[in-house]
Every structure is written in structure tokens, then in C-alpha cells.
Amino acid sequence: MSYNAPNHFGYHFELNINKIPAKRSDRISLGLLLPGGIIGFLLIFLGVYEFLHGASPLADEAVSQTISFWFNLTFFDIVLVALGAWIICSLIVHYFTYKKVFFDGKKITIIYRRFFGKKKTVKEAVKKYKGVRFRVEFFQYGLINKNKYIIELYHDEPDKIAPLYISTSGHNIRKIWKDYALALKLPEIILTAQGWVVRDLENIGKSLVEMGKEGLITSGFNVKEKIPASISLVQKKDKSVIKSKSFRWDYLNILATVGICVTLLLLALHAHFVMLYTSALLASFLILCFVGLLILRVVTKDKIIAKQDKLVIIRKFPVFSSKKKVLKEEIEAIDVAFNPSSERYFLAIIGNDKTFVFGKKMPVNDLEWIRKYLIHNITKK
């Protein structure tokens, strides 16, 4: 199975194919670069300022006897300056690494521009593309996780995959996907745990309820099949409740946690020995934010409630809950999709104007059981 998933740089992209010729640049926006640049400059300023004007704890005999001889605050100042410089340089490289997409009505032209190296141009006729693919990509936005919804022209050669629409909002994404497929006269495709799911032009726009009545889809659900151990299913007269029993961390979470802990430790040590008010305040604030984030991740729970006419996806936080609803008659697909960038499977519930993501870190077999159960629940007579 091919998991081709090229790196699209921007978070807001739309190729308007209704106006020919169409062109658009895919690059990271200045709105995202500026906050990172400000943080980089602040780190450099803090490092330089404390190197020139900060206290020297080793000059104090009482303090020098409590810390090792190798301890040198200049090292921490250099780390802060180097970290700030790396952030700024990385942002500059990202901004000048982008691609331009052109559509003349028959073929796609993509021009790749990189900070280092020569530009590269590829061309391909639209009719040679496999279809219009929809996928969801997870990315870290500060201290929170966000989804990036991507619609693209899919080709087996990664360099020829062309973005059509990218957004951090899933609003109306199903209609946008459908409109691109119909306009380009290509099928809708999505990559799942079982392989490619292809919806031909004549079936685009049909709901699961309609496809079930026409015999175009079957759930494959077996009522006698044992419920996976990691899943809790509570069935009542008017609803069914599905949720994961345990909180899961994967290697990405562990790496991120280790990196943040090391950074916070350096800041805390720096603030402790320099005794500078700004450093202490910054370190305390970051530590509190990180601890709060960890607690939030542990106590946050997701669940799906299947009622007679709708599905309710709930994310329960300590003091409030986030609820999203979709009518069963509006659901057009439920698939176990794959995100190559994070190597995670997740359940994608695609409605008429909304897309919901559930179970980002659950085992693929458990997600497949939930998929079959929900399709059975929606299409049963």
C-alpha cells in the first residue's frame, strides 16, 4: 500500500479551479511565523542580557560551595541564544521553502522552490491522477494538537500530488471535497486501514443510509463478535455509548515530553542560580503550563454516543465538555484512516458539512470494530 503524503507547507490554501487559469502558492503564513520570531528574539535578548548584566553566583563564596565547579551560567546563556537563533533561522528557511500550483483546465503544473538548491517543475494531465483524496494531518500548534484537513489530487508519484484545499477547520469539508471531485471528473478516494476506498462519480454525495438501502455498502459487523478489551460499550434503550477505557501515550508524546522537560529544567536552573526576576517568572509560567497540559491530557476522555437519529462526539475536560453532533442521514462515510506523518490510525466520520476525528491513538483493530459497529447502527433497518 502506498502512503504517499507530501509535505504541504501552508494551513490555509484554496485553488479556485472555477477561474481558469488558476494559481496559488503553498507556503507557511507570516501570521504563524511572527509569534515564533518574537519568541526567538526574546530568547536571544534574555541570553545576551543575562550574560552581560546577570548575577555571578560563583563569585559568592556561600553559593560556590553548594554547586559543582563545572557549573557555568554562561553555558545556559549560550543555550538560550542558540535556541533563539535556531528558531529564527528555521522560520526563515520555512518561509522561503514553498511551491506554486497552476491549473490550466487540463493539466497541473507544480513549481517547487527551496531555500537551498534549484527550483523544480513537474507537470501532469488531470486525467492521469487517481482521484481527489481527502486526509487529515495532525500537527502541534503551541501546546495544543490541531487537525489539518487536506484535499489533494493524488498521484502515485509524490512530487505530482497537488494540494487543492487545506484548512484547520473541518467546516463544510465534505461538500468541498465533493465539488472538487465533480469539477475535475475524478472519484473521491481516501486511504484506510484496509487500503484505498474509492467512491465513483455516480455515488458521490450519497449518505450511508442511502447506500445501505441500495445495497452498495455492508457493515461486516458481527453481533456475536467479542468487544475489544480497550473499548467500553454501554447499550441502552435509546442510545449506545462507546469510549476508550484507558489513556494512551505513544512515542511522539514521550519525545515531546522529554524535550519540554529538558528545556524547562534548563530554565528552572538558570532562574534559580541567577535569581533574576524575569527568568524566574518565565520558568514558573512554563512549568505551570506544562504540568497543566499533562493533567489535562490524562483526565480528558473522548466518547461517541449513537442515538436514534444522530451521533454525538464528546470530548470531556475536567470542568466542561465539548459536544459535536451530526445527523445519521448526513453521514457519507466512516473510515479508519491513516496519517503517515504521525503513523497513527484514527476514525474519520465524514458528514455533509463536518468531519469528526476520534481515537487518534487507539489500536487499528479496535478502531475497525468501532467503524463496523457504527455503520451497522446507522444502516440497520
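Everything numeric here is computed off the predicted structure, so don't read it as measured data. (Residues numbered from 1 in each chain as written. Predicted model: local features only at pLDDT ≥ 70, side-chain atom pairs only at ≥ 80, totals over all residues. Heavy atoms only, no water.)

Chemist: So, the overall build of the protein chain: which residues are in play, and what are the values?
Modeler: A count of helices and strands for the protein chain gives 8 helices and 18 strands. Residues counted as buried form 44% of the 381 residues belonging to the protein chain. Of the contacts formed within the protein chain by residues at least 6 apart in sequence, a portion of 56% connects residues at least 24 apart. (Helix = DSSP H or I, 4+ residues; strand = E, 2+ residues; numbered from the N terminus. Buried < 20%, exposed > 50% of the residue type's maximum accessible area, 1.4 Å probe, protein only. Contact = heavy atoms within 4.5 Å.)

Chemist: So what's going on with the nonpolar core? Residues and values would help.
Modeler: Within the largest apolar cluster, 39 residues are counted, with the highest numbers of intra-cluster contacts made by Ile108, Val132, Phe134, Ile151, Leu153 and Leu184. Of all the secondary-structure elements, those providing two or more residues to this core are strand E3 (98–103), strand E4 (107–113), strand E6 (131–141), strand E7 (144–154), strand E8 (162–167), helix H4 (173–184), strand E16 (333–339) and strand E17 (344–350). Once residues within four sequence positions are removed from consideration, Ile108 is found in contact with Val101, Phe102, Phe103, Val122, Lys123, Glu124, Val126, Tyr129, Leu153 and Ala162. Formed by 25 residues, the second largest nonpolar core is a distinct cluster that contains Leu208, Ile242, Ile375 and Ile378. (Core = buried A, V, L, I, M, F, W, Y, C linked by side-chain atoms within 4.5 Å.)

Chemist: Tell me what's going on with the sheet that holds strand E5 (residues 120–125), and back it up with residues and numbers.
Modeler: Read from one edge of the open sheet, 4 strands run E2-E3-E4-E5, paired in antiparallel fashion. Across the chains shown, the open sheet's two edge strands, defined by having one partner strand only, are strand E2 (22–26) and E5. Each neighbouring strand pair of the sheet contributes to a mean axis angle of 15°, computed without reference to strand direction. (Pairing = 2+ DSSP bridges. Axes fitted to C-alpha atoms, helices over the stretch in contact; angles between N-to-C directions.)

Chemist: Provide a residue-level description of the packing of aromatic side chains, including the pertinent values.
Modeler: Applying the stated rule across the entire model yields 5 aromatic pairs. Note on Phe115 and Phe116: the rings are 4.7 Å apart at their centroids and 80° apart in plane angle, and the pair reads as edge-to-face. Judged by its relative accessible area of 37%, Phe115 is partly exposed. Pairwise contacts between aromatic rings join Tyr95, Phe96, Phe115 and Phe116 into one cluster. Lying over the aromatic face of Tyr95, Arg27 brings its terminal NZ or CZ to 4.2 Å of the ring centre. In this arrangement the basic side chain of Arg27 is found over the ring face of Tyr98, its NZ or CZ atom lying 4.0 Å from the centre. (Phe/Tyr/Trp six-rings, centres within 6.5 Å; stacked < 30°, edge-to-face > 60°. Lys NZ or Arg CZ within 6 Å of the ring centre and 35° of its normal.)

Chemist: Summarise the side chain of Lys372; cite the residues concerned and give the values.
Modeler: Within the fold, Lys372 resides in helix H8 (residues 364–379). For Lys372, a relative accessible area of 16% puts it in the buried group. Once you skip the residues sitting within four places of it in the chain, Lys372 turns out to touch Ser219, Gly220, Phe221 and Glu225.

Chemist: Can you explain a nonpolar patch on the surface? Please cite residues and give values.
Modeler: Together, Ile92, Phe96, Phe115 and Phe116 make up a nonpolar patch on the protein surface, roughly 420 Å² of accessible area in all. Note on placement: Phe116 falls in the loop between E4 and E5. Accessibility expressed as a relative area gives 63% for Phe116, which makes it exposed. (Patch = residues over 30% accessible without salt bridge, like charges linked within 9 Å, V, L, I, M, F, W, Y side chains within 5 Å. Areas by Shrake-Rupley, 256 points an atom, 1.4 Å probe, with all protein chains shown as cover. Salt bridge = Lys/Arg side-chain N within 4 Å of Asp/Glu carboxyl O.)

Chemist: Which residues make up the pairing of strand E12 (residues 239–244), and what values do they have?
Modeler: Alignment of strand E11 (residues 231–235) against E12, held across 5 bridges, turns out to be antiparallel. Opposite Ser232, over in E12, you have Lys243 as the bridge partner. Where E11 hands over to E12, the hairpin turn is made up of 3 residues, counted between the paired strands. As paired strands, E12 and strand E13 (residues 301–307) are joined by 5 bridges and run antiparallel to one another. By the bridge assignment, Lys243 is partnered in E13 with Lys303.

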